[in-house]
Amino acid sequence: MIRRLLVLMLTLAVPVRAQTVAPGYSPEAATAERAIEADVINRPSPAEAAAQSRFLSLQPHMAGTPAQARTRDYVISQMKSWGLETEVRAYKVWMPHPISTRVWRISPDPIELNLQEGPIPEDTTSVAYPQVPAFNGYGAAGDVRGEVVYVNYGLIEDYAQLDSMHVSVKGKIAIARYGRSYRGIKAREAEKHGAIGLIIYSDPADDGYMRGDVYPAGPMRPSHGIQRGSVMNPNGDPSTPGYASTENAKRIPTSQMEIPRIPVLPISYGNAAELLRGLSGNSIPQPWQGGLGFRYHVGPGPVQARIAVTTDATTNPYKEIWDTFGVIRGSDYPDEIVMIGGHRDAWGPGAADNVSGTVSVLEAAHAIADQVKAGKRPKRTIVFATWDAEEWGLLGSTEYVEDDSLRLSKSAVAYLNQDDIAQGPNFSAGGSPSLRALLRDVAKEVPDPSHQGSVYDVWRKRANLTADSLEPQMGDPGGGSDFAGFYNHLGIPIADWGFGGPQGVYHSAYDSYHWMSKFGDPGFEFHATAARIGAAMLLRIANSDILPYDYVEFARTMRRFGGDVDRAIADKHWKVSSAGLTSAIAGMEAAAVAFDDARDRALTAQLSKETLKNVNATLLEVERQLTRPHGLVTRPWFRNLIYASDENNGYATMVLPSVNEAVRVGDESGVAKEMADLASRFDSATRALQRATALIK
Ligand SMILES: [Zn+2]
């Protein structure tokens, strides 16, 4: 999962607009909905969340292991017991597991590094269960040795800096610190520059004692703590790019898969010191100095290292994974689907990542299921999903989306994601601009665990806004979690939220129930609060007369991005004009304002169910128009033209990626072509809004 702290928050706060009480609801329906939401918000229980967390984080449960069958069966049995219909979808994916991973310093003073995180007595999980090996998913098998070169964060600009220092990693073992980019990008860049192996470590300056007391005394990463994680860049099973990994799906050969070809291993900062301390050579640029107690150098050497990785890639690379679904059929519009999901796999016990998200999904399911038993069934169908193998590269959700793409394209109203949602008191949220107003509204209804008002009140206070007219900043959909298939591939509006805090057990054996109940969420109130928001969000969307998307906020957000494109073009002194794009976005804003007016007027009258159905089917098309079938030039799977993860970073978000990728590579005619293409898609979105308006006028 993406680390929230590392997401570049590019959105500015959006000014408040006057709104009706609950957009998309008639006045009477809004009153009824308030009561339903107040009831559902009351239901999730911190005690039940704690019990579920305890069960699900009892042992490490990496994808492709028997422990994942246990979490699958638990989630299904819970949902069944609450009266939900359930389904399991299995996929067979190419996912080699490690057999052994070893790292040595072979010169000077040969030692083998101990890659065990080790038991901590009060953390009983770390004592009772063996850790998942220290490894990076989809790193290659191999046995390499060579001089060590320190490459800072292993970013593209770090290699440019090394070039200017006349230092090369060719034929060497690169050592990079975690942070500032997705680790798959670090692997790609190391390989591209000729490294024969890559070691990635957690530096205490970014993730360790420089940030706070270390576990078990504090929440931060101890000297032997290890961050595992995938180093594959594309999403989904690499053996079935763009289509589902069903039983008889055609598989591409390993040689064609987009995966690293060099061994990559993660180590702790305790071990990294053993390799970095003895490096000599060039003095480093000051920002490259990390938090270990000596002056860093880049090398190469004289320290030499050896990395040896063996996997089951040639003997047993295909594993079965399981997505689970719990379904509550809608009473009025059973074919329209609102979905919430979170991944169920982890690199260890995973109490935060992502037992917390799984528990939030479960608690929301329990709350709504109990309402159904009490006679209040939502109007639209709600689906509660848990995904497998997210940690390897969003495999479970991607294969599902590819498998069910026709149905989802036609009928998915929204997808809500829950990943790493309870690690402290700091609320954050994000998603499509079309759902942000809704999420803010719901956050106003839910009490904050601090008892200082609503989640929204506390969020506002912490944001230190300079004016009453400003709203707290919300995150853009980039990459890094299971919304990607829904958002990037199919153009379905998404939202996510959670509570963050100081955290140093990401992808470690210490992401345990003990850590969670001592530091992350001792009373399990944040778990329950995330679930309250989830349940209310689901119902607000599922029960609306007219789907509560906010395309005014959407278009105004786009207007800012259009302005950024303008400035980029001016900076380059290009002749190409962005006027067409700017006016297409302005057209969408005008159409959205007109639609909101017509909607609010129409909702005071009585609209037939048939009309509502047609309006909603038309509204569903608006954001889908901003995708294109052949996707981005750089990545055809990414069809959504509004946001994508930055292909040179992985964690950062690129807005209007078709245009801005062309800007970045300096392709003026490409920029012109992409702006014209994007403008025509905004025009299509505008026409969908106009059709919806005509239907209710
Ligand atoms: Zn996660």
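Residues numbered from 1 in each chain as written. Predicted model: local features only at pLDDT ≥ 70, side-chain atom pairs only at ≥ 80, totals over all residues. Heavy atoms only, no water.

A.B. asks: Explain the coordination of the zinc ion to me, and be specific about the residues and the numbers.
C.D. replies: Distances from the zinc ion to its protein donors, His343 (NE2), Asp353 (OD), Asp419 (OD) and Asp419 (OD), fall at 2.0 to 2.8 Å. Around the zinc ion sit 4 donor atoms, and with donor-metal-donor angles ranging over 50 to 149° the site reads as irregular. Each donor residue of the zinc ion belongs to the same chain, and together they define the spacing H-x9-D-x65-D. Taken together, the residues span a long stretch of sequence, with His343 in strand S12 (residues 333-343) and Asp419 in the loop between strand S14 (412-417) and strand S15 (426-431) at a distance of 76 residues. (Donors = N, O, S within 2.8 Å, 3.2 Å for Na, K, Ca; no water. Tetrahedral: all angles 85-135°; square planar, octahedral: opposite > 155°, others 65-115°. Helix = DSSP H or I, 4+ residues; strand = E, 2+ residues; numbered from the N terminus.)

A.B. asks: Give me the pairing of strand S11 (residues 318-328): which residues, what numbers.
C.D. replies: For S11, a buried count of 9 out of 11 residues is recorded, marking the element as mostly surrounded by other parts of the structure. In the sheet, strand S1 (residues 85-94) pairs with S11 via 10 bridges, with the strands oriented antiparallel. Within S11, the position partnered with Trp94 by the bridge is Tyr318. Strand direction decides the pairing type here: S11 and strand S13 (residues 380-387), joined by 5 bridges, are antiparallel. (Buried < 20%, exposed > 50% of the residue type's maximum accessible area, 1.4 Å probe, protein only. Pairing = 2+ DSSP bridges.)

A.B. asks: Now, about unusual backbone geometry: what can you tell me, with residues and values included?
C.D. replies: In this model, Ser107 is joined to Pro108 through a cis peptide bond whose omega is -15°. Looking at the element boundaries, Pro108 is found in the loop between strand S2 (98-107) and strand S3 (111-112). For the bond from Gly301 to Pro302, the omega torsion is 0°, close enough to zero to count as cis. Take Pro302: it is sitting in the loop between helix H7 (269-276) and strand S10 (304-311). In this structure, Asp109 takes a positive phi of about 45° despite not being glycine. Summarising the element assignment, Asp109 is placed in the loop between S2 and S3. On the basis of relative accessibility, which here comes to 57%, the residue Asp109 falls in the exposed class. At Ala389, a position not held by glycine, the phi torsion is positive, near 55°. In this structure, Ala389 sits in the loop between S13 and helix H9 (395-403).

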